[in-house]
Structures are given as C-alpha cells and as structure tokens.
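This is what each chain is made of:
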Amino acid sequence: MNPSSKPTCRLVKPGNTYDGKQGLSYFEGIAAETVGAEGICMHILTMPPGARAKAHLHESHETAIYMLSGKADTWYGDNLEHHVVVSAGELFYIPAGVPHLPANSFDEPATAIIARTDPNEQESVVLLPELDALVKT
C-alpha cells in the first residue's frame, strides 16, 4: 500500500457551509468530500425559526439525528402522514427510503447533529416535490 493512500485520522472544524438539495444549509462535517469517509457522513444543521426542508428521502441509507438544542418537527411516511417533535437531548432515527420533511415551527433555532450511512453529503438525497404540499407549516 502506498503510504500516501493510507487512511488517517482527521480533525474537522465546522465553519464552512453547503446548501443541500433539501433546501437547508449545513455545516460541513465528516464526509467523503472532506475526509475521504467510506461509510458515514456526519454534519451539523441549525434550522432558524420558520425553516423548512423539501420533502425527500435517502435511498439505501439510514439517518440518525441528535438534537443539541431547540426542537424541530418532522413529518414522515409514504404521504408524510406521521408527525414527531424532536426536542433537545432526544435522538431520532429515519430508516433508508422513508420520505420525510423536517421544519422548525418554533420560536428558537434548532441545532442537530445528523449522521447517515452514506459517506457522500448529498448523493442519496431524492427530492419528492409531489409531497411538499401535504405539510402546512
């Protein structure tokens, strides 16, 4: 193995942001694009009051969310028929292929750590515009 291609530990200081297909802005984190990750992506998301993502799913990849502060709504299911409020200190799991739409309908920002089993920041995101109108925020 070539020493220059050997994986090594990397420190990432969130500062740069990128705009996701979902319509939200994420702090750059651990991903194939930043550190060469092969099986995980982890980043930080802060949703200001009134922020809302586009309905979407992640093909073949699971998502785990830990709410650091604030709280956020998430609608999920084939027709976004289920609703949950995730509050600071709680974890939320989204299986692969499940449509969902997060939003912040509260008066304070909501900040979460998000991890997916897809190492790429946006590759597995599939937008579902036909579902957007099903959620009124």
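Counting starts from 1 at the beginning of each chain's written sequence and moves along it residue by residue. Given that this is a predicted model, residues contribute local features only at a pLDDT of at least 70 and side-chain atom pairs are listed and counted only at 80 or more, while totals for whole chains, interfaces and linings are drawn from all residues. Side-chain descriptors were evaluated using all non-hydrogen atoms of the structure, hydrogens and water having been removed beforehand.

**Q** How do you make sense of the sheet that holds strand β5 (residues 63–69) when you look at a structure like this?
**A** Within a sheet, adjacent strands bond to each other through the backbone by hydrogen bonds, running parallel or antiparallel. Each pair of strands is called paired provided DSSP finds at least two bridges between the two strands. Only DSSP runs of H or I reaching four residues or more are called helices, and only runs of E reaching two or more are called strands; each is numbered from the N terminus. Strand order across the open sheet formed by six strands is β1-β2-β3-β10-β5-β8, with antiparallel pairing between neighbours. Of all the strands in the sheet, the pair left with one neighbour each is β1 (17–19) and β8 (91–94). Across the sheet, the mean angle separating the axes of adjacent strands is 30° when strand polarity is ignored. Relative to strand β2 (residues 25–30), β1 runs antiparallel, the two being bridged by three bridges. Each residue of the ladder has a partner; that of Asp-19, found in β2, is Ser-25. Fitted lines through C-alpha atoms serve as axes, helices being fitted only where they are in contact, and the angles separating the N-to-C directions of these axes extend from 0 to 180 degrees.

**Q** Would you mind showing me how to read the UniProt feature "domain: Cupin type-2" (unreviewed entry) in the protein here?
**A** Taken from the UniProt record, the annotation "domain: Cupin type-2" (unreviewed entry) applies to residues 44–113. As annotated, residues 44–113 has a helix share of 0% and a strand share of 54%, and its two end C-alpha atoms lie 5 Å apart. UniProt positions are given in the numbering used here, feature names are shortened, and annotations may be inferred rather than shown by experiment.

**Q** What's the story with the nonpolar core in this structure? I'm lost.
**A** Proteins that are soluble and globular tend to have nonpolar side chains buried together. Ranked by internal contacts, the top residues of the largest apolar core, which has 16 residues, are Leu-24, Tyr-26, Leu-45, Met-47, Ile-65, Met-67 and Ile-114. Among the elements of the structure, β3 (41–47), β5, β8 and β10 (110–116) are those that each provide at least two residues to this core. Any two residues whose heavy atoms approach within 4.5 Å at even a single point are treated as in contact. Among residues more than four places away in sequence, those in contact with Leu-45 are Leu-24, Ser-25, Tyr-26, Ala-110, Thr-111, Ala-112 and Ile-114. Buried residues of nine kinds, namely Ala, Val, Leu, Ile, Met, Phe, Trp, Tyr and Cys, make up a nonpolar core once their side-chain atoms join them within 4.5 Å. Note on classification: 1.4 Å probe, protein chains only; a residue is buried when its accessible area is under 20% of the maximum for its type, exposed when over 50%, partly exposed between these limits. Counting residues in each nonpolar core, the second largest holds nine residues, with Trp-75, Ala-103, Leu-128 and Leu-131 among its members.

**Q** Could you clarify how one ought to interpret the environment of Ile-44 in this entry?
**A** Mapped onto the fold, Ile-44 is located in strand β3. Considering only alpha carbons, one finds Ile-44 and Ala-115, 71 residues apart in sequence, at a separation of 8.9 Å. Beyond its immediate sequence surroundings of up to four residues, Ile-44 is in contact with Pro-14, Tyr-26, Phe-27, Thr-111, Ala-112 and Ile-113.

**Q** Just to check I follow, could you spell out the side chain of Asn-120 for this structure?
**A** Secondary-structure assignment places Asn-120 in the loop between β10 and β11 (125–127). With residues up to four places along the chain from it excluded, the contact list for Asn-120 reads Ala-32, Glu-33 and Cys-41.

**Q** Sorry if this is basic, but what is going on with a nonpolar patch on the surface here?
**A** A cluster of nonpolar residues, Tyr-66, Leu-68 and Leu-91, forms a patch on the protein surface that exposes about 300 Å² of accessible area. If you trace the backbone, Leu-91 turns up in strand β8. Patch building starts from residues that exceed 30% relative accessible area and form no salt bridge, then joins like charges within 9 Å and nonpolar side chains (Val, Leu, Ile, Met, Phe, Trp, Tyr) within 5 Å. Using a 1.4 Å probe, accessible areas were evaluated by the Shrake-Rupley method; residue-level cover was limited to the displayed protein chains. What makes a salt bridge here is a side-chain nitrogen of Lys or Arg within 4 Å of a carboxyl oxygen of Asp or Glu, nothing more.

**Q** When you look at unusual backbone geometry in this model, what are you seeing that I'm missing?
**A** A positive phi is found at Ser-60, a non-glycine position, where the angle reads about 60°. For Ser-60, the location among the structural elements is in the loop between β4 (56–58) and β5. Take Ser-60: its relative accessible area is 65%, and that puts it in the exposed class. With a phi angle near 55°, Leu-80 is a residue other than glycine that sits in the positive phi range. Within the fold, Leu-80 resides in the loop between β6 (71–76) and β7 (82–87). Overall, the relative accessible area of 4% leaves Leu-80 in the buried class.

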